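So you can see what is in the structure, the chains are spelled out below.
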Amino acid sequence: MNFNRFREFLPSGGVLLSEESKRVYECDALSAHRVMPGCVLLPDSVEQIQKILSYSYLNNIPVVARGAGTGLSGGAMPHAEGVLLSLAKFNKILEIDSVQKTARVQPGVRNLAITEAVKSFGLYYAPDPSSQIACTIGGNVAENSGGVHCLKYGLTIHNIMQLKIVTIEGELITIGSHAYDSAGYDLLALLTGSEGMLGVIVEVTVKLISKAPHSRVLLASFDDIEKAGNAVAGVIANGITPAGFEMMDKAGVRAVEDFVHAGYPIDAEAILLCELDGSEEEVEIGLKKIKILLKQYGAIEVRVACDEAESELFWAGRKAAFPAAGRVAPDYYCMDGTIPRKHIAKVLAGIQILSEKYKLDVINVFHAGDGNLHPLILYDVAIPGELKRTEDFGSEILQLCIAMGGTITGEHGVGIEKINEMCIQFRDDELEQFHAVKAVFDSKNLLNPGKAVPTLNRCAEFGAMHVHRGEEKFSELERY
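Residues numbered from 1 in each chain as written. Predicted model: local features only at pLDDT ≥ 70, side-chain atom pairs only at ≥ 80, totals over all residues. Heavy atoms only, no water.

Student: When you look at the pattern of salt bridges in this model, what are you seeing that I'm missing?
Tutor: When the charged atoms of two side chains with opposite charge come close together, those side chains can pair. With the rule as written, the count across this model stands at 26 salt bridges. The shortest N-O distance in the salt bridge between Arg104 and Glu95 comes to 2.9 Å. The partly exposed category is assigned to Glu95, whose relative accessible area is 37%. Residues Arg427 and Glu430 are paired through a salt bridge, measuring 3.8 Å at the closest nitrogen-oxygen approach. The partly exposed category is assigned to Glu430, whose relative accessible area is 22%. Ionic contacts of the salt-bridge type, sharing partners, join the residues Glu19, Arg23, Glu26 and Arg34 into one network. (Salt bridge = Lys/Arg side-chain N within 4 Å of Asp/Glu carboxyl O. Buried < 20%, exposed > 50% of the residue type's maximum accessible area, 1.4 Å probe, protein only.)

Here it is, written out as structure tokens:
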């Protein structure tokens, strides 16, 4: 493949071909899987991206778009014979409309940078993944990311209005609008979460939200993790919708407390973090009600943050859960599945049984309010066979989520990590429809090939379990 042809329409230094320069792009945050890209391209204009994609289409060159590389499912893993298209230079906030409460941004803008830029208007951007200090808005759209406040304020799809994308043929098109709705099919929802398989995002219009006048965070500790799980479902069933509702087990609490010193009770079997926001009166009424409910569900202590600084410290601990896990084990494997809230306690029991089966420790961290779990499986890649055992453990967790009526991803995407489990989540005819949608946008299968949607042959090799959607495999869950 003659990648030097890209030098004809890219700036000096915009084409990386040496092994040393390409090495940094060989994986995303799923670092257990690596591929050296055929070449890395660093455009700095939309016109250059159009030329790259048009040339790639005409010459059948695979293209993988990449933002900050913080993804955890291998979605940005490059193609050995293709182009790794970096959007790192597209890092400008193009316009802030404080009246309309929107911002137009390039895909390489960091999530947190949007909130920082609009803070003076009393506004912020709601989706707040734990990686928000580094992850980019383009990647957030590609994976439909959430965060600790998604329970009340929604995922990325609920907080964007318009996308500009470049198709594989090099055409620039606009999806959605700056109005509250747009005519025709809801392509905005289709593109959000499409994992770079349908087009390359070059601009995003996001919604901004007014900062609530008052907020309080409380921390509840439990002597039994199943009580904490039941408390989550119970609180929301009683009509309370917290701005954020997070859960962490004992292993997570201890790892975080040793790292951040957030004031977490290290003897608790589990903790819940709950944030209420709104008017001062609303928050105070909500706090009284939720404290009573948490006690009823078995909380041994309920502590309300005394001021904004302590509230921020409580959240800083939760957002540091992943790096904290990295301090207690050589490696960790972060899972991402979603279940109905009513099954949290049962799934936690199931994960513990799987932990004993595979002889691997696990730290459980949840976006508990919306049932999005992030078990962190601790392992050592230097031990022969341990990575494979870890991945098998993770696969069983995802199958457990399916069996409980959930799904294999909440916000990290499928990428390469969960592609086999797609065979369990969906039937053959459903997967064929996914491929049909892909073909409409990318008939040659050049955009991020081999990701997210498995071939039927792959599913046949993985096994016939996908016909039964995992029910038989976990029929024994009743004993949990």
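Student: Please explain the nonpolar core as it appears in this structure.
Tutor: Note on soluble globular proteins: their nonpolar side chains tend to be buried together. Core analysis: the biggest nonpolar cluster contains 58 residues, and Met247, Leu272 and Leu294 have the highest contact counts within it. A total of seven residues in this core trace back to one element, the largest contributor, which is helix 13 (residues 386-403). Of all hydrophobic cores here, the second largest spans 26 residues; its members include Leu72, Phe314, Ala324 and Leu378. (Core = buried A, V, L, I, M, F, W, Y, C linked by side-chain atoms within 4.5 Å. Helix = DSSP H or I, 4+ residues; strand = E, 2+ residues; numbered from the N terminus.)

Student: Would you explain the sheet that holds strand 1 (residues 15-16) in this entry?
Tutor: Think of a sheet as strands paired side by side through backbone hydrogen bonds, with each pair either parallel or antiparallel. Taken together, four strands build an open sheet; the order of strands is 1-2-4-3 and the sheet is mixed. Bordering the open sheet on either side are strand 1 and strand 3 (63-66), each of which pairs with just one other strand. Note: strand 1 against strand 2 (residues 39-41), two bridges, orientation antiparallel. Bridge pairing in strand 2 links Leu16 to Val40. Against the sheet, helix 2 (residues 46-58) engages strand 2, strand 3 and strand 4 (83-86), with an angle of about 165° to strand 4. (Pairing = 2+ DSSP bridges. Contact = heavy atoms within 4.5 Å. Axes fitted to C-alpha atoms, helices over the stretch in contact; angles between N-to-C directions.)

Student: So what exactly am I meant to see when it comes to helix 12 (residues 344-358) here?
Tutor: The terminal C-alpha atoms of helix 12, which comprises 15 residues, lie 21 Å apart, in line with the 21 Å expected from a rise of 1.5 Å per residue. Along helix 12, the positions that sit buried rather than exposed are Ile344, Ala345, Val347, Leu348, Ala349, Gly350, Ile351, Leu354, Ser355 and Tyr358. Residues of helix 12 that are buried sit in contact with helix 7 (225-237), strand 13 (244-249), strand 18 (362-367), strand 19 (372-379) and helix 13. Phi turns positive one or two residues past the end of helix 12, at Lys359, with a value near 55°. (Expected span 1.5 Å × (residues − 1).)

Student: Would you explain the side chain of Gln425 in this entry?
Tutor: Position of Gln425 relative to the elements: it lies in helix 14 (residues 422-425). Within the local environment of Gln425, its side chain forms a polar contact with the side chain of Thr407, the two groups lying 3.2 Å apart. (Polar contact = N/O pair within 3.5 Å; in protein donor to acceptor, adjacent residues only side chain to side chain.)

Student: So what exactly am I meant to see when it comes to the confidence of the model for the protein here?
Tutor: Looking at the protein as a whole, the pLDDT averages 94, with 96% of positions reaching at least 70. With pLDDT under 50 throughout, residues 466-471 is counted as low confidence; its partners more than four residues away or in other chains account for 13 contacts. (pLDDT = per-residue confidence, 0-100.)

Student: Where do I start with the pairing of strand 18 in this structure?
Tutor: In summary, the side chains of a regular strand alternate between the two faces of the sheet. Counted residue by residue, strand 18 has six buried out of six residues, so it is predominantly covered. Burial of strand 18 is two-sided: the residues Val362, Asn364 and Phe366 facing one way and the residues Ile363, Val365 and His367 facing the other way are all buried. Summarising the sheet, strand 13 and strand 18 pair through two bridges and their orientation is antiparallel. Looking at strand 18, one finds that Met248 is bridged to Val365. Relative to strand 19, strand 18 is paired through six bridges, and the arrangement is antiparallel.

Student: Explain helix 9 (residues 280-296) here, please?
Tutor: Because an α-helix completes one turn every 3.6 residues, residues spaced three or four positions apart along the sequence face the same direction. Spanning 17 residues, helix 9 covers 25 Å between terminal C-alpha atoms, matching the ideal 24 Å at 1.5 Å per step. Along helix 9, the positions that sit buried rather than exposed are Val283, Gly286, Leu287, Ile290, Leu293 and Leu294. Around the axis of helix 9, the buried residues are gathered within 140° of arc, so they sit on the same side. Summarising the geometry of helix 9, the exposed residues directed more than 90 degrees from the buried face are Glu281, Ile285, Lys288, Ile292 and Gln296. Looking at the buried residues of helix 9, the elements they touch are strand 12 (214-222), helix 7, strand 14 (270-278) and strand 15 (299-304). Of the residues one or two after helix 9, Gly298 is the one with positive phi, at around 105°. (Arc of directions from axis to C-beta.)

Student: Honestly, the packing of aromatic side chains in this entry has me stumped. Any pointers?
Tutor: Two aromatic rings, taken as a pair, are described by how far apart their centres are and by the angle between their planes. By the definition in use, this model includes eight aromatic pairs. Measuring from ring centre to ring centre gives 5.9 Å for Phe6 and Phe9, while their planes differ by 85°; the resulting arrangement is edge-to-face. Judged by relative accessible area, which is 18%, Phe9 ranks as buried. Site record: aromatic cluster; members linked through ring pairs are Phe6, Phe9 and Tyr55. (Phe/Tyr/Trp six-rings, centres within 6.5 Å; stacked < 30°, edge-to-face > 60°.)

Student: Whenever I open this one, the packing of helix 7 against helix 12 confuses me. Can you help?
Tutor: The axes of two packed helices give the description: the angle between them and the distance between them. Two elements in contact, helix 7 and helix 12, have axes separated by 7 Å at closest approach and are oriented at 150°. Judged by the angle between their axes, helix 7 and helix 12 are roughly antiparallel. For the pair helix 7 and helix 12, contact is made by Ile225, Glu226, Gly229, Asn230 and Val232 and by Ile344, Ala345, Leu348 and Ala349, respectively. Tallied by class, residues from the contact of helix 7 with helix 12 come to six nonpolar, two polar and one charged. (Parallel < 35°, antiparallel > 145°, perpendicular 65-115°, else oblique. Nonpolar A, V, L, I, M, F, W, Y, C, P; charged D, E, K, R; others polar.)

Student: For this particular structure, what's the right way to read unusual backbone geometry?
Tutor: Leave glycine aside and you will find that most residues have negative phi; peptide bonds, for their part, are mostly trans. At Asn144, a position not held by glycine, the phi torsion is positive, near 50°. One can find Asn144 in the loop between helix 4 (137-143) and helix 5 (150-153). Judged by its relative accessible area of 16%, Asn144 falls in the buried class. Although it is not a glycine, Asn448 adopts a positive phi angle of roughly 50°. Mapped onto the elements of the fold, Asn448 is located in the loop between helix 15 (428-441) and helix 16 (456-462). We classify Asn448 as buried; its relative accessible area is 2%.

Student: Explain the pairing of strand 12 here, please?
Tutor: By the bridge criterion, nine bridges tie strand 12 to strand 14 in an arrangement that is antiparallel. Bridge pairing in strand 14 places Leu219 opposite Leu273.

Student: Would you take a moment to explain the state of the cysteines for this structure?
Tutor: In protein structure, a disulfide is the covalent linkage between the sulfur atoms of two cysteines. Counted under the stated rule, the structure contains one disulfide. Sulfur-sulfur distance for the disulfide between Cys423 and Cys459 comes to 2.1 Å. Judged by the torsion about the S-S bond (-80°), the Cys423/Cys459 disulfide is left-handed. Taken together, the positions of Cys423 in helix 14 and Cys459 in helix 16 put the pair 36 residues apart, joining distant regions of the chain. Given a relative accessible area of 0%, Cys423 falls into the buried group. Residue classification places Cys459 among the buried residues on the basis of a relative accessible area of 0%. Of all cysteine sulfurs, the one in Cys401 lies closest to Cys334, which takes part in no disulfide; the gap is 12 Å. Judged by its relative accessible area of 0%, Cys401 is buried. (Disulfide = S-S within 2.5 Å.)

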